[in-house]
Amino acid sequence: MRPSFSFPSLICVAVLPILAGAIAPSSWQIEGRSPPSKITAAEIIEQLGPQLSAASTIFGQDDDRWENATERWQAAYQPSFSVVVEPATEADVPVVVKYANAQGIPFLAANRRHGSTKTLGKLKNGIEISLSQLTAIEIAEDQESAFFEGGVWDGQVVDALWEQGFVTGTGSCACVSLMGPGLGGGHGRYQGFYGLIIDMLISMNVVLADGSTITVNETSHPDLWWAMRGAGHNFGIVTSFQAGIHRRTVDEWYIKEYVYTQDKLESLFAVLNEQQEDGGQPKELMNLALFTWDARWPEEPVIQVLTHYVGTAEEAAPFLSAFDDVGPLHSEAQSLSYPAVLDATGTGLNSPMCQDGHTNMQFPFGLLKHNITATRQIYDYYSSVTTAQPLFNQSIVVFEAYSLQGVQAVDPDSSAFPHRDDNLLNDVLVTYDPDSSLDDEAVRIGKQITEFWAQGQPDRERHIYVNYAFGDEPLEQMYGSEPWRLERLRAAKAKYDPDNVFRFYNPIIRN
Ligand SMILES: Cc1cc2nc3c(=O)[nH]c(=O)nc-3n(C[C@H](O)[C@H](O)[C@H](O)COP(=O)(O)OP(=O)(O)OC[C@H]3O[C@@H](n4cnc5c(N)ncnc54)[C@H](O)[C@@H]3O)c2cc1C
Ligand SMILES: *[C@@H]1O[C@H](CO)[C@@H](O)[C@H](O)[C@H]1NC(C)=O
Ligand SMILES: *[C@@H]1O[C@H](CO)[C@@H](O)[C@H](O)[C@H]1NC(C)=O
Ligand SMILES: *[C@@H]1O[C@H](CO)[C@@H](O)[C@H](O)[C@H]1NC(C)=O
Ligand SMILES: *[C@@H]1O[C@H](CO)[C@@H](O)[C@H](O)[C@H]1NC(C)=O
C-alpha cells in the first residue's frame with residue numbers, strides 16, 4: 001500500500017528556477033548581511049496565503065493561534081517571527097521557502113519547539129514553518145519500516161507503533177519531535193537495540209535552501225545523506241522520511257526508581273561506572289541519574305536514579321542488586337508497557353521536563369566514565385549555587401547511561417554524528433522562571449560544571465552533543481575534531497546551501 005501522504009512521489013516536484021533576486025548575494029556570508037525586507041506581516045499573509053493548499057494556515061501575531069504556535073520550551077534566546085505558516089501538505093513547504101527567499105525573509109522549521117541553543121535567538125522577524133500538521137505515520141507493507149511525515153513526535157510515534165506491535169528509535173521525552181533530535185543523532189531508550197534515530201533512517205524527502213525538493217538516501221545525494229545524519233539542521237527541511245521499525249520484543253519494561261542522599265555519591269557512581277565499563281552495559285539496561293532538589297527531602301539535593309530494564313523484574317534483578325546495596329533513601333518499582341514508561345520516569349507530556357516557558361541554560365558533556373572526584377565537586381557546587389540562589393532550584397545535573405550496543409555497532413565514519421565512542425552523556429540544565437537578571441549567573445554555573453567534567457578527563461577531547469549544546473562551543477566539539485569531518489560538512493554546505501539559509505541551529509558556518 002502506498003502511503004497516503006505523497007511519499008515518495010514528492011521527489012518528482014520540479015526544481016523551479018529561483019525568482020530573480022530570490023537569493024541574496026554572497027555578502028550574506030559576512031557581517032552586514034542585507035537587512036530583512038521591510039515587508040509587513042499582513043503583506044506576507046496576503047501574498048503567500050493564496051499560494052498554499054487549502055488546509056494550510058497562515059497568521060500573524062494578532063491571531064489567537066499565535067501563542068500556541070510559537071511558544072517554546074526555552075524562554076531565552078528565542079527566535080522571533082512575524083508570520084506563522086502551518087503547511088497542510090509536504091508540497092507547501094517548498095512554496096514557503098521560495099517565497100521567503102524571494103522576499104529576503106529568514107525562516108525556520110518549527111517542530112516541537114524544544115530547540116534551546118543560543119543561536120536560535122539570531123533569527124529576527126522570520127517566517128516560522130510549523131510542521132504541526134505534518135504528522136502522518138504509515139507502516140510499510142513489509143512491516144519492516146514506516147513512512148513518517150516530518151512533524152511526527154515521540155509520544156505520538158511511541159504510542160502509534162506500540163499499539164500495532166512495533167517500536168523504533170525516538171528520543172526519550174514524549175514532547176520532542178523525531179527529526180529535531182534525529183538530525184543531530186537522536187539518543188533514546190531503544191538505542192542499545194537499534195542505534196540512534198539516524199541509524200533507523202532509510203530515506204528522507206528534503207526541501208533544500210533554494211526550495212528545490214530532493215530525496216536523500218544512501219544512493220541519492222550520498223554526501224548529503226552523510227551530512228544530514230548528525231548535522232542535518234544545517235541543510236534542509238525534512239518533510240517526510242522512511243525509517244526502520246522493529247517488532248516489540250517484550251510486553252513490559254521494568255522500571256525502578258532509587259533516591260539516594262549525597263553521602264552515597266561515591267559508592268553509587270562506582271556502581272554506574274562498573275555497569276557501563278567500556279560501554280558494556282547490557283542492551284536491555286539503561287540508567288538515568290540526576291542531581292535534583294526534591295520537595296520530599298528538602299534539606300539538600302538528592303541523587304535520583306531511574307533504572308530501566310527491557311524485560312521482567314527477575315531478569316533485571318542481577319543488574320539492580322548493586323543499586324540496592326548502596327542503600328537508597330527510597331526505591332519504587334513497577335512493570336509497565338513501553339508507552340507508560342515515559343510518564344513513569346518524568347518524561348511524559350505532563351512532566352516538569354516537558355513544560356514550555358522556563359529559561360533552560362543547557363550544557364552537555366560526553367564521557368567514557370565518571371571521574372568520581374569530579375562528580376563530587378559537581379554535586380557540592382550544584383548544591384551550593386542552588387542553595388545560595390533558590391530561584392535555580394529547578395535545575396538538574398543529568399547523567400544519561402543509555403545502552404550502547406546499537407550505537408557502537410555502526411561505523412562512526414558513516415555519518416556526521418561524531419560521538420559514537422562516548423559511553424555517557426551528561427548534561428546540566430540551569431532552569432528558572434524567566435528573569436534576564438539571572439542569565440549571566442546561570443551561564444556561569446553551567447560553564448563551571450562543564451569545566452569540572454573537562455578537568456575530570458584531562459586527556460580526552462570535549463564532546464558536546466549538538467542537540468544539547470549551549471550554542472557557543474567550538475565547532476570541533478559539536479561536529480568532531482577529525483579535520484575531514486568539518487571539511488566534508490563545509491563542502492556539502494557550499495554545494496547545498498551556499499547562502500547559509502539554514503544558519504540558526506548550531507550552524508557550521510558562523511556569521
Ligand atoms: C525535554 C527535552 C527532552 C529531550 N530529550 C532528548 C532525547 O531523549 N534524545 C535526544 O537526542 N535529544 C533530546 N532532547 C534534545 C533535542 O534533540 C533538541 O532539543 C531538539 O532540537 C528538539 O527538537 P524539537 O523538534 O522539539 O524542537 P524545534 O525547536 O522545533 O527544532 C529544533 C531544530 O530542528 C530543526 N528541525 C526540526 N524538525 C525538522 C525537520 N523536520 N526538518 C528540518 N529541520 C527540523 C528546527 O528547524 C530547529 O532548528 C531533548 C530536549 C528537551 C527539551
Ligand atoms: C496547539 O498546537 C498543537 C500543535 O503544535 C495542536 O496539536 C493543538 O491542537 C493546538 N492547541 C490549540 C488550543 O490550538
Ligand atoms: C533513494 O532515492 C532514490 C531516488 O529517489 C530512489 O530511487 C531509491 O529507491 C531510494 N532508496 C531507498 C533505499 O529508499
Ligand atoms: C525552591 O525554591 C523555592 C523558592 O524560590 C521554594 O519555595 C521551594 O520550596 C524550593 N523547592 C525545593 C524543592 O526545595
Ligand atoms: C579526576 O578529576 C580530578 C579533578 O579534576 C583530576 O585531578 C584527576 O586527574 C582526574 N582523574 C583522572 C583519572 O583523570
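Residues numbered from 1 in each chain as written. Chains lettered and ligands numbered in written order. Predicted model: local features only at pLDDT ≥ 70, side-chain atom pairs only at ≥ 80, totals over all residues. Heavy atoms only, no water.

Asker: What should I look at first to understand the packing of helix 12 (residues 372–388) against helix 14 (residues 439–456) in this one?
Answerer: Two measures define how a pair of helices packs: the angle their axes make with one another and the distance between the axes. Viewed as axis vectors pointing N to C, helix 12 and helix 14 meet at an angle of 165°, and their least axial separation amounts to 9 Å. In terms of orientation, helix 12 and helix 14 fall into the roughly antiparallel class. Crossing hand, helix 12 versus helix 14: right-handed. Across from A374, Q377, I378, Y381 and V385 in helix 12, the residues of helix 14 making contact are R444, I445, Q448, I449, F452, W453 and G456. Residues belonging to the contact of helix 12 with helix 14 are distributed by class as follows: 8 nonpolar, 3 polar and 1 charged. (Axes fitted to C-alpha atoms, helices over the stretch in contact; angles between N-to-C directions. Helix = DSSP H or I, 4+ residues; strand = E, 2+ residues; numbered from the N terminus. Parallel < 35°, antiparallel > 145°, perpendicular 65-115°, else oblique. Left-handed = near helix turned anticlockwise from the far one by under 90°. Contact = heavy atoms within 4.5 Å. Nonpolar A, V, L, I, M, F, W, Y, C, P; charged D, E, K, R; others polar.)

Asker: Explain the state of the cysteines to me, please; I cannot follow it from the model alone.
Answerer: What is meant by a disulfide is a covalent connection between two cysteines, made through their sulfur atoms. Taken as a whole and judged by the stated rule, the model has 1 disulfide. One disulfide in the model links C175 with C354; its S-S distance is 2.1 Å. Taking the torsion about the S-S bond as the criterion, the C175 to C354 disulfide, at about -80°, is left-handed. With C175 in the loop between strand 7 (166–167) and helix 5 (179–182) and C354 in the loop between helix 11 (338–344) and strand 16 (359–367), this pair connects stretches of sequence that are 179 residues apart. Here C173 is not cross-linked by a disulfide; its sulfur's nearest cysteine counterpart is in C354, at 4.4 Å. What makes C173 buried here is its relative accessible area of 15%. (Disulfide = S-S within 2.5 Å. Buried < 20%, exposed > 50% of the residue type's maximum accessible area, 1.4 Å probe, protein only.)

Asker: How do you make sense of helix 10 (residues 313–326) when you look at a structure like this?
Answerer: Structurally, the α-helix is built with 3.6 residues per turn, so residues lying three or four positions apart point the same way. The end-to-end C-alpha distance of helix 10 is 19 Å, a good match for the 20 Å that 14 residues give at a rise of 1.5 Å each. Considering bend angle alone, the principal kink of helix 10 is centred on F319 and spans about 55°. Every buried residue of helix 10 is listed here: A316, L320, F323 and V326. The inward-facing, buried residues of helix 10 contact strand 12 (253–260), helix 9 (265–275), strand 13 (285–292) and strand 14 (302–309). (Expected span 1.5 Å × (residues − 1). Bend = angle between axes of the 7 residues up to and from the residue.)

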